[in-house]
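One-letter residues, chain by chain:
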Amino acid sequence: MPDINPFESLKEQIDDAAAYVDAGDGVIGRLKHPERVLSTTLSVDMDDGSIEQFDAYRVQFNGDRGPYKGGIRYHPNVTEDEVRALAGWMTYKCAVVDIPYGGAKGGIAFDPRGYSAGELERITRAFAVELRPLIGAERDIPAPDVNTGQREMNWIKDTYETLERTSEPGVVTGKAPSSGGSAGRVAATGRSTMLTAREAFDYLGRGIDGATVAVQGFGNAGSVAARLLDDVGASVVAVSDSRGGVYATDGLDIGAVTTHKRETGAVGGFAGADRELSNEELLAADVDLLVPAALENAVDAATARDVRADVIVEAANGPLTPDADNVLTDRDVYVFPDILANAGGVTVSYFEWVQNRQQFSWTEARVNDELERVITEAFDRLVEAYESYDVPDIRTAAYVVALERVIDAFTDAGNWP
Ligand code: GLU
């Protein structure tokens, strides 16, 4: 993975779009920097009686459009700058799909695979104690991200509610349904990836039916995107995870790959594949659609030259470096950006928060219908901006739309103090 600072990538993306936006340097400068950063070190009891330290961060990037919103990830690569970038991307993602939130992100720098459930609970609750003064249903609302899910969100909610002596399920989203979570939340990121791909192929006059697909990353986003793309008639010929991938010319049985991954911990070794392939080979696979669904910087300029897909739909946050973007634009590869394609997760988080406020549960069908409406409307707005602003690519169009919405909110409110 190239050593490119994602926060620098974010700032470059904003500068690229700022040229098309009517705002002064001071306003744009504000939109390149977070409003607030919590940097803390948690000291947590381990099962063997020792005490271990964990670096943890929460970045509240921008609150002009509503409460700060964004996930918490557990990963050894977490740094303060990575979390700053991810918090910025949340701001522009919420603006692209026009939900009333600002942007935030959190992370703890460790590999959760090496820890017991009890240790993970103590680490999560220790972080929740540090987060308590910053978060709240009207203030900042965490959610799952890489290596976190319903279990961690339930712990954060319980810690917060216990300390605050209240019931406030809307303080986090991505909870288990029994704790106030929404139907359809787990599949939402993969669903918006599928919807974006479907709209993209329609827009390009081709249709998703029969399109060949390679998916890099088989976590929550990638595995669901693969399954739903298969459901709408695409042929998913290659998938991979951090250890490597598998390929089948006639398409993989995604349900069977998912079962194999659950049982063995990896997609490698799947008996229904024609052959194994590396992540580099997957990114260069001869397919119609490439879906990077792992981590930042998966595709750099060198890898971008080898990409053979002519459409990329980003399920991960920040999977292409800015140099890769330039190479792909020059090569006429259409990139449908993360801040649209993976926005299903935060959109259904918003629906969860609305349901918590209503104290009323929506059916999964209603959640999926509302999600489809939000993603298709956002898609149409981006394509319209792409065609009318004379911008080089759809990512720049997305940032122009998002920046205009955030700037409007900032201008309406005024700069105070
Ligand atoms: N972690 C997800 C993202 O990157 C979801 C965030 C949320 O639901 O707040 O978009």
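Note that the structure is predicted; figures quoted are calculated from it, not measured. (Residues numbered from 1 in each chain as written. Predicted model: local features only at pLDDT ≥ 70, side-chain atom pairs only at ≥ 80, totals over all residues. Heavy atoms only, no water.)

Caption draft 1: Looking closely at the packing of helix α4 (residues 117–131) against helix α5 (residues 150–164). At a minimum axis distance of 9 Å, the contact between α4 and α5 shows a crossing angle of 50°. If you check the angle between α4 and α5, you find them oblique. The hand of the α4/α5 crossing is right-handed. Side by side, α4 and α5 meet where Ala117, Leu120, Glu121, Thr124, Arg125, Ala128 and Val129 of the first sit next to Arg151, Glu152, Trp155, Ile156, Asp158, Thr159 and Leu163 of the second. Its residues assigned to classes, the contact of α4 with α5 comprises seven nonpolar, two polar and five charged. (Axes fitted to C-alpha atoms, helices over the stretch in contact; angles between N-to-C directions. Helix = DSSP H or I, 4+ residues; strand = E, 2+ residues; numbered from the N terminus. Parallel < 35°, antiparallel > 145°, perpendicular 65-115°, else oblique. Left-handed = near helix turned anticlockwise from the far one by under 90°. Contact = heavy atoms within 4.5 Å. Nonpolar A, V, L, I, M, F, W, Y, C, P; charged D, E, K, R; others polar.)

Caption draft 2: Seen up close, the site of the ligand. Around the ligand sit 14 residues, and of these Lys69, Lys93, Pro144, Asp145 and Ser349 come closest. In the environment of the ligand, an oxygen atom lies 3.0 Å from a nitrogen or oxygen atom belonging to the side chain of Lys105. Secondary-structure elements contributing two or more residues to the shell around the ligand are β3 (68–74), α3 (80–96), β5 (140–144) and α13 (344–358). For the shell around the ligand, the residue count by class is four nonpolar, five polar and five charged. (Near = heavy atom within 4 Å. Polar contact = N/O pair within 3.5 Å; in protein donor to acceptor, adjacent residues only side chain to side chain.)

Caption draft 3: Seen up close, α3. Spanning 17 residues, α3 covers 24 Å between terminal C-alpha atoms, matching the ideal 24 Å at 1.5 Å per step. Burial analysis of α3 places 15 of its 17 residues in the buried class, which makes it a mostly covered element. Two residues or fewer after α3 comes Asp98, characterised by a positive phi angle close to 55°. (Expected span 1.5 Å × (residues − 1). Buried < 20%, exposed > 50% of the residue type's maximum accessible area, 1.4 Å probe, protein only.)

Caption draft 4: Region of the structure containing the pairing of strand β8 (residues 244–247). Judged by which residues are buried, β8 turns out to be covered on both faces: Gly244 and Val246 on one side and Gly245 and Tyr247 on the other are all buried. With four bridges connecting them, strand β7 (residues 235–241) and β8 associate as antiparallel partners. Following the sheet pairing, Ala238 is matched in β8 by Tyr247. Two elements, β8 and strand β9 (residues 275–277), share three bridges in a ladder whose sense is antiparallel. Residue pairing for β9: Tyr247 is matched across the bridge by Arg275. (Pairing = 2+ DSSP bridges.)

Caption draft 5: Spotlight on the sheet that holds β8. One open sheet holds the seven strands; their spatial order is β9-β8-β7-β6-β10-β11-β12, and the pairing between them is mixed. Strands at the two margins of the open sheet, each flanked by one partner only, are β9 and β12 (334–336). Going from strand to strand, the sheet's axes swing by 20° on average, the running direction of each strand aside. With two bridges joining them, strand β10 (residues 289–292) and strand β11 (residues 311–313) adopt parallel strand pairing. When the bridges of β11 are listed, Leu290 appears paired with Ile312.

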